[in-house]
Amino acid sequence: VVSTQSTGAKGQLLNTMFVMCGLSTLLQIFFGTRLPIIQSGSYVYFAVAAGIMSKYPCQKEYHVIDESGNNVTQTWDPNWHKRMAELQGNLMVASVLQMILGAFGLVGLLLKIIGPITITVLISLIGLCLAGVAAGSASQNWGISFLMVGLVTLFSEYLKNVPVPLPYMTYTRGSGAKYKVAWVKLFSTLSIIISLVIVWSLCAILTATDTFDKDDPARVKNLKKSIDEATWFYFPYPGQFGTPIVTVGGFVGMVAGVIGGVVESIGDYFACAKLAGAPPPPKYVLNRGILMEGVGCFLTGLCGPGVGVTSYSENIGAIALTKVGSRTVILCSSILMLVIGLIGKLGVFFASMPEPIIGGMYLVMFGIIAAVGISNLQFCGSNFFQKRVYHRVVIVHRASRADVGRKDPC
């Protein structure tokens, strides 16, 4: 939709997406599946969005008139709002279908044909198909990406039982203030955040010392300038990018994205329940979850990020890493997403995160998702999977085409 050079535009989309994800997560916690799973944008919709945007070919340079009346060139489309309008309208109409599926209990009918082997194939394909996305981001600087993978592995696997001293103070009326030390296993719960802070700080240092090449994607580019230009508070509202537009081709594409999101979410529900120690979700829970996801997609289309929300597959990987599967944590996370989304400067700050760091996190999480899917084979017979040639063909075929449709038209 916009070029990667437009940090301000990316910040606006990111702020809006944070707010919509926070609202959708709250809906899912209180009225949906009530599982500890975050709602976020899905890669299923990215392929659809790329197809819709293919009729708006991007240019290397755009000639515009600045505030002083001078003709200047820039690398991002000043009329990118028109692209967003078509994505918004088609997503809103397609999300109505998703709400109908959940409201009338049609999702529960899928359980008659979805068993452990189907869940195995589904969840595994989610991880395998997203592996191409992770490799694309990580390949921009393998050193930084592997450092991220190494630190996450070190903290979550080898240092997870190592306690860290945290000083704190208590006060009682008779004894006064007392200073104590609590030994907390931080590495087991904050392995990703600690790794992210370390690697991002390293990238900032190497950028400041010009160790990275000027065109290296691992550089932290124009961070101060972008933050200074951003507003302190940003309030997403319906139609902020223009009046939504509905087209036949875009609607058909978004319907395909909605169906893919529904199937993906069903697999995510089972995987999340397994990792969180909850029983497998029954039919009515699945129907509620899909209904609330449909409402979330409609709100997302109304305000403009351009992609629908589904259960965040990466969240399942985070539960496996941190061993935290509490709804209270997800509730706090949803409130935090709302706060971040309303602060414009924070949106620009997160939008400036180097792509190789994101690729490193994805390499770990997507591998965990695929492993969780394969672990569902324990509920099948010992030779069940060997007799189902179709499932084996599907896995190999989809894994070989994992990067199909993820090419950015820009």
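Keep in mind that this is a model prediction, so the values were computed, not measured.

### Digging into the environment of G304
Inference 1: Tracing the backbone shows G304 in the loop between α10 (283-303) and β6 (309-311).
Inference 2: Given a relative accessible area of 0%, G304 falls into the buried group.
Inference 3: Linking G304 and F241, residues 63 residues apart in sequence, is a C-alpha distance of 6.6 Å.
Inference 4: Residue contacts for G304: discarding those within four places in its chain leaves L13, M84, Q88 and F241.

### Comments concerning the nonpolar core
Inference 1: Ranked by internal contacts, the top residues of the largest apolar core, which has 39 residues, are L35, Y45, L87, M254 and C272.
Inference 2: Residue assignment for this core shows that the elements contributing at least two residues are α1 (7-31), α2 (43-53), α3 (80-103), α9 (248-276), α10, α11 (313-322) and α12 (327-342).
Inference 3: Considering every element that reaches this core, the biggest residue donor is α9, with 10 residues.
Inference 4: Core analysis: the next-biggest nonpolar cluster, separate from the first, contains 30 residues, I144, L186, A318 and I358 among them.

### Describing the pairing of strand β4 (residues 164-172)
Inference 1: Sheet analysis places β4 next to strand β5 (residues 176-184), joined by nine bridges and oriented antiparallel. Across the sheet, residue Y168 finds its bridge partner in β5, namely K180.
Inference 2: The turn linking β4 back onto β5 is made up of three residues.

### Here we look at α9
Inference 1: If you check α9, its first and last C-alpha atoms are 41 Å apart, about what 29 residues at 1.5 Å a residue would give, namely 42 Å.
Inference 2: The backbone nitrogen of G250 lies 3.2 Å from a side-chain oxygen of the residue at the head of α9, namely T247.
Inference 3: Immediately beyond the C-terminal end of α9, within one or two residues, lies G277, with a positive phi of roughly 80°.

### What to know about the pattern of salt bridges
Inference 1: Within the structure shown, the criterion is met by one salt bridge.
Inference 2: Between R219 and D210 there is a salt bridge, with its nearest N and O atoms 3.7 Å apart.
Inference 3: Overall, the relative accessible area of 56% leaves D210 in the exposed class.

### A few points about the packing of α9 against α10
If you want to describe how two helices pack, look at the angle between their axes and the distance between the axes.
Inference 1: Contact geometry for α9 and α10: axes closest at 11 Å, N-to-C directions at 130°. Put simply, α9 runs oblique to α10. As α9 runs across α10, the sense of the crossing is right-handed. Here G261, V262, S265, Y269 and F270 of α9 lie close against α10, whose contacting residues are L286, G289, I290 and E293.
Inference 2: The residue inventory of the contact of α9 with α10, partitioned by class, reads five nonpolar, three polar and one charged.

### Focus on unusual backbone geometry
A negative phi angle is the norm for most residues apart from glycine, just as the trans form is the norm for most peptide bonds.
Inference 1: Phi at R34 takes a positive value of approximately 65°, unusual for a residue other than glycine.
Inference 2: Following the sequence through the fold, R34 ends up in the loop between α1 and β1 (39-41).

### Structural notes on the confidence of the model for the protein
Inference 1: Model confidence for the protein is summarised by a mean pLDDT of 77, while 76% of its residues fall at 70 or above.
Inference 2: Low pLDDT (under 50) marks residues 400-410, which in the prediction has 15 contacts with non-local residues, meaning those over four places away or in another chain.

Rules used throughout
- Residues numbered from 1 in each chain as written.
- Predicted model: local features only at pLDDT ≥ 70, side-chain atom pairs only at ≥ 80, totals over all residues.
- Heavy atoms only, no water.
- Helix = DSSP H or I, 4+ residues; strand = E, 2+ residues; numbered from the N terminus.
- Buried < 20%, exposed > 50% of the residue type's maximum accessible area, 1.4 Å probe, protein only.
- Contact = heavy atoms within 4.5 Å.
- Core = buried A, V, L, I, M, F, W, Y, C linked by side-chain atoms within 4.5 Å.
- Pairing = 2+ DSSP bridges.
- Expected span 1.5 Å × (residues − 1).
- Polar contact = N/O pair within 3.5 Å; in protein donor to acceptor, adjacent residues only side chain to side chain.
- Salt bridge = Lys/Arg side-chain N within 4 Å of Asp/Glu carboxyl O.
- Axes fitted to C-alpha atoms, helices over the stretch in contact; angles between N-to-C directions.
- Parallel < 35°, antiparallel > 145°, perpendicular 65-115°, else oblique.
- Left-handed = near helix turned anticlockwise from the far one by under 90°.
- Nonpolar A, V, L, I, M, F, W, Y, C, P; charged D, E, K, R; others polar.
- pLDDT = per-residue confidence, 0-100.

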